[in-house]
Amino acid sequence: MTLFRSITYLRPIALMLLTAVSLLPLHAQQSEECHTNKWEANFLLGLNSDGYDYSISCAWFPIRYAGVRLELGFAGEIEGFQDWGREEDDDKYCIRVKLMPSVELRTPTLINWRSMDATIHAFANPGLSFSPGGAGSKGAEWFNWQLRTGLSLQADNLRFSLGYGISDYQLFSGNARSGHDGTNLPCRKWTHSAFLAVGVTF
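Criteria and cut-off values
- Residues numbered from 1 in each chain as written.
- Predicted model: local features only at pLDDT ≥ 70, side-chain atom pairs only at ≥ 80, totals over all residues.
- Heavy atoms only, no water.
- Helix = DSSP H or I, 4+ residues; strand = E, 2+ residues; numbered from the N terminus.
- Buried < 20%, exposed > 50% of the residue type's maximum accessible area, 1.4 Å probe, protein only.
- Contact = heavy atoms within 4.5 Å.
- Areas by Shrake-Rupley, 256 points an atom, 1.4 Å probe, with all protein chains shown as cover.
- Patch = residues over 30% accessible without salt bridge, like charges linked within 9 Å, V, L, I, M, F, W, Y side chains within 5 Å.
- Salt bridge = Lys/Arg side-chain N within 4 Å of Asp/Glu carboxyl O.
- Phe/Tyr/Trp six-rings, centres within 6.5 Å; stacked < 30°, edge-to-face > 60°.
- Lys NZ or Arg CZ within 6 Å of the ring centre and 35° of its normal.

## So, the overall build of the chain
For step 1, the next point in the chain: Counting its secondary structure elements, the chain contains one helix and nine strands.
For step 2, the next point in the chain: Scanning the chain from its N terminus toward the C terminus, one meets helices and strands in the order α-β-β-β-β-β-β-β-β-β.
For step 3, the next point in the chain: Looking at the chain as a whole, 35% of its 202 residues qualify as buried.
For step 4, the next point in the chain: Contacts in the chain between residues far apart in sequence, at least 24 positions, make up 60% of those at least 6 positions apart.
For step 5, the next point in the chain: Just so you have it, the chain exposes about 12,600 Å², and 68% of that area is on carbon and sulfur atoms.

## Describing unusual backbone geometry
For step 1, the next point in the chain: The backbone of aspartate 117 shows a phi angle near 50°, a positive value even though the residue is not glycine.
For step 2, the next point in the chain: Tracing the backbone shows aspartate 117 in the loop between strand 5 (111-113) and strand 6 (118-130).

## Examining a nonpolar patch on the surface
For step 1, the next point in the chain: Where nonpolar side chains cluster on the molecular surface, the patch consists of Trp39, Trp60, Val68, Val103, Leu105, Leu158, Phe160, Val198, Val200 and Phe202 and spans about 860 Å² of accessible area.
For step 2, the next point in the chain: Looking at where valine 68 falls in the secondary structure, it is placed in strand 3 (residues 66-76).

## Overview of the pattern of salt bridges
For step 1, the next point in the chain: The full count for this structure, using the stated rule, is six salt bridges.
For step 2, the next point in the chain: A salt bridge links arginine 69 to glutamate 40, with the shortest nitrogen-to-oxygen separation between them at 3.3 Å. With a gap of 29 residues between them, arginine 69 in strand 3 and glutamate 40 in strand 1 (residues 39-48) connect regions that are remote in the sequence. The same class applies to arginine 69 as to glutamate 40, namely buried.
For step 3, the next point in the chain: In this structure, arginine 148 and glutamate 71 form a salt bridge, with 2.9 Å as the shortest nitrogen-oxygen distance.

## Focus on the environment of aspartate 156
For step 1, the next point in the chain: Secondary-structure assignment places aspartate 156 in the loop between strand 7 (143-155) and strand 8 (158-167).
For step 2, the next point in the chain: Placed 45 residues apart in sequence, aspartate 156 and threonine 201 show a C-alpha to C-alpha distance of 8.7 Å.
For step 3, the next point in the chain: In this view, aspartate 156 contacts Asp117 and Thr201; residues no more than four positions away in its chain are not counted.

## Focus on the packing of aromatic side chains
For step 1, the next point in the chain: With the rule as written, the count across this model stands at eight aromatic pairs.
For step 2, the next point in the chain: Arranged with centres 6.4 Å apart and planes meeting at 55°, the rings of phenylalanine 123 and phenylalanine 195 form a pair that is tilted. Residue phenylalanine 123 is located in strand 6, and its partner phenylalanine 195 is located in strand 9 (residues 191-201); the two are separated by 72 residues in the primary sequence.
For step 3, the next point in the chain: By relative accessible area, which is 5% here, phenylalanine 195 ends up buried.
For step 4, the next point in the chain: Members of the aromatic cluster, each reached through a chain of ring pairs, are Tyr52, Tyr54 and Phe74.
For step 5, the next point in the chain: The aromatic ring of tyrosine 169 is capped on one face by lysine 98, whose charged end is 4.1 Å from the ring centroid.
For step 6, the next point in the chain: The aromatic ring of phenylalanine 195 is capped on one face by arginine 148, whose charged end is 5.5 Å from the ring centroid.

Okay, here's the thing in structure tokens:
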């Protein structure tokens, strides 16, 4: 009797689950029809605790709100004013190349800016970075994590993003040489950054 009563109580739940499962193909088909631009090319420019960074990337979004991104960029010191335009002094400043695979998660539309035919979304971009050490470094960390978050404005096939990032990446890891005074600078525990990015979806 107890078993029969349990089955009776579970029947409505089972019916709802079956209904939801049966509607999944329809929902997936509708999402696929709306989600036509699955690729994005992006250029990013930012300032961080140790200097600057810039990068280019390509992202693939198999579904509207989640995708993967591969990014190639550089991080380096900002040159002293006295060295601007002097190519012979470029090599004395610390600069590192970075390869950054990541996952990108986006929210549904937060603000629908109808007058501009644009939408605003939030995003989170957790990932990894692989980077050889800077000049003069020894035993530099080459593997780090990073997290970027922010807001993006989507207008037709253009995307403009403004955000904040945090990472355990350290430009002067391994006691790399700094170009400002020719000495080695201590590493920070965290690197904080602010960035602007422009992307094209297709």
